[in-house]
Amino acid sequence: MQDPWQFALRLHLTHGLGLRQARLLVKRVGGLAQVWQTPNADLRDMLGLRLGSALGTPPPDWDQAQALVRHWLDSAPDGQRHRILTWGDTDYPQNLTELVDPPLLLFVTEAQTDDTGHWPPSVALVGSRGATPQGLALARQWAHELADAGWCVVSGLAHGIDGAAHAGALMSDASGCVTMAVMGTGPDLVYPHAHAQLKSRIVARGRCLTEFLPGTGARPAHFPMRNRLVAALSSGLVVIEAGTGSGSLISAQCALDQGKEVMAVPGSIRSPLSRGCHALLRQGATLVESTAEVLGALPPLIQ
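Per chain, residues are indexed from 1 in the order of the written sequence. pLDDT decides what is reported in this predicted model: residues at 70 or higher carry local features, side-chain atom pairs at 80 or more are listed and counted, and totals for whole chains, interfaces and linings draw on all residues regardless. No hydrogens and no water enter the side-chain calculation; it runs on all heavy atoms of the structure.

### Quick word on the pairing of strand S1 (residues 80-86)
Okay, so step 1: Counting buried positions along S1 yields six of seven residues, so the element is predominantly enclosed.
Okay, so step 2: Pairing of S1 with strand S2 (residues 105-111) involves seven bridges; the strand directions are antiparallel. Counterpart to Thr86 in the pairing with S2 is Leu105. A simple rule labels every residue: compare its accessible area, found with a 1.4 Å probe on the protein chains alone, to the largest value its type can have, and call it buried under 20%, exposed over 50%, or partly exposed in between. Secondary structure is summarised from DSSP: a helix means a run of H or I of at least four residues, a strand means a run of E of at least two, and numbering begins at the N terminus for each. When DSSP finds two or more bridges between a pair of strands, those strands are recorded as paired.

### Focus: the state of the cysteines
Okay, so step 1: Cysteine sulfurs are considered disulfide-paired once they come within 2.5 Å of each other. For the coordinates displayed, the defined rule picks out zero disulfides.
Okay, so step 2: Cys208 carries a free sulfur, and the closest cysteine sulfur to it, the one in Cys177, is 9.7 Å from it.
Okay, so step 3: Looking at Cys208, the relative accessible area reads 2%, which means it is buried.
Okay, so step 4: This cysteine, Cys277, is not joined by any disulfide, and Cys254 carries the nearest cysteine sulfur, 16 Å off.
Okay, so step 5: Taking the relative accessible area as the measure of exposure, Cys277 reaches 0% and is therefore buried.

### A word on the packing of helix H11 (residues 222-232) against helix H12 (residues 248-257)
Okay, so step 1: Their axes nearest at 8 Å, the elements H11 and H12 cross at an angle of 50°. Accordingly, the angle class assigned to the pair H11 and H12 is oblique. In this structure, H11 crosses over H12, and the sense of that crossing is right-handed. Between H11 and H12, the contacting residues are Pro224, Asn227, Arg228 and Ala231 on the first element and Ile250, Ser251, Cys254 and Ala255 on the second. Fitted lines through C-alpha atoms serve as axes, helices being fitted only where they are in contact, and the angles separating the N-to-C directions of these axes extend from 0 to 180 degrees. With respect to orientation, any angle under 35 degrees is reported as roughly parallel, any angle over 145 as roughly antiparallel, any angle of 65 to 115 as roughly perpendicular, and every other angle as oblique. Whether a crossing is left-handed or right-handed is set by the direction in which the near helix is turned from the far one by less than a right angle, anticlockwise for left-handed and clockwise for right-handed. Working rule for contacts: check all heavy atoms of both residues, and any pair within 4.5 Å makes them a contact.

### Considerations on the environment of Asp45
Okay, so step 1: Structurally, Asp45 can be placed in helix H4 (residues 40-47).
Okay, so step 2: Owing to a relative accessible area of 66%, Asp45 belongs among the exposed residues under this scheme.
Okay, so step 3: Between the C-alpha atom of Asp45 and that of Gln21, which follows or precedes it by 24 residues, the distance is 14 Å.

Below is the structure:
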């Protein structure tokens, strides 16, 4: 193993080793590469017999996983760049290092002309997949205005508010990264499939990123994991239309747990899509009715 992503992939594939435990191990031995320079006896002392022994033996899917990752790295279409970031890389997003469980592998798809290593000040716009026409229009308008104001709009590439937020940011004439999509699949897939063209447009003027290996399809457990990254990459999070069972509320809770500003748009008391936003407002979220109020709640941009 030579590339940092290979060290990270081997840890990722070690059955039973979670992100928190892996992070403590890497910190204790001084880095990803140092894990493989640590005597097996020491690894067993630190992790226990089963995990320590597992690290000394390549996992059954090791060769296949390496081949899939290499293929993805080498298969970027014209105009795009594929790269992998992991712990200790200088380009790894600082915001993610503040998580207790930062992604061990971050697969990034971006334009070849992108300013590699630059992670812009960002704000998340999230909401219901089954949004109303009014909610979709509001998400597009606010995302456009926030991008014009110098903010990168982060969302989850889902149907509804997410897709409208990405599309609205892409309407801006601002330069640089105007929108980022955090995906719940591997970097080579698109979910929902209807957003394949939108994903290509995002890559041309922003980034798509995921912590899931190439070839990994959409699974219910992936979306709460994705939502924590949406929140972590952003200075604040805005919820536009959300029912009481909406995944957007998971994003909002992640943002609250991370000490981020959470904002919510009020709606009709007769609309089920207002209930999640109203619940957030009762819990102390900031009520916002305009992008001016969103900008007022965000930290000032550093010029």
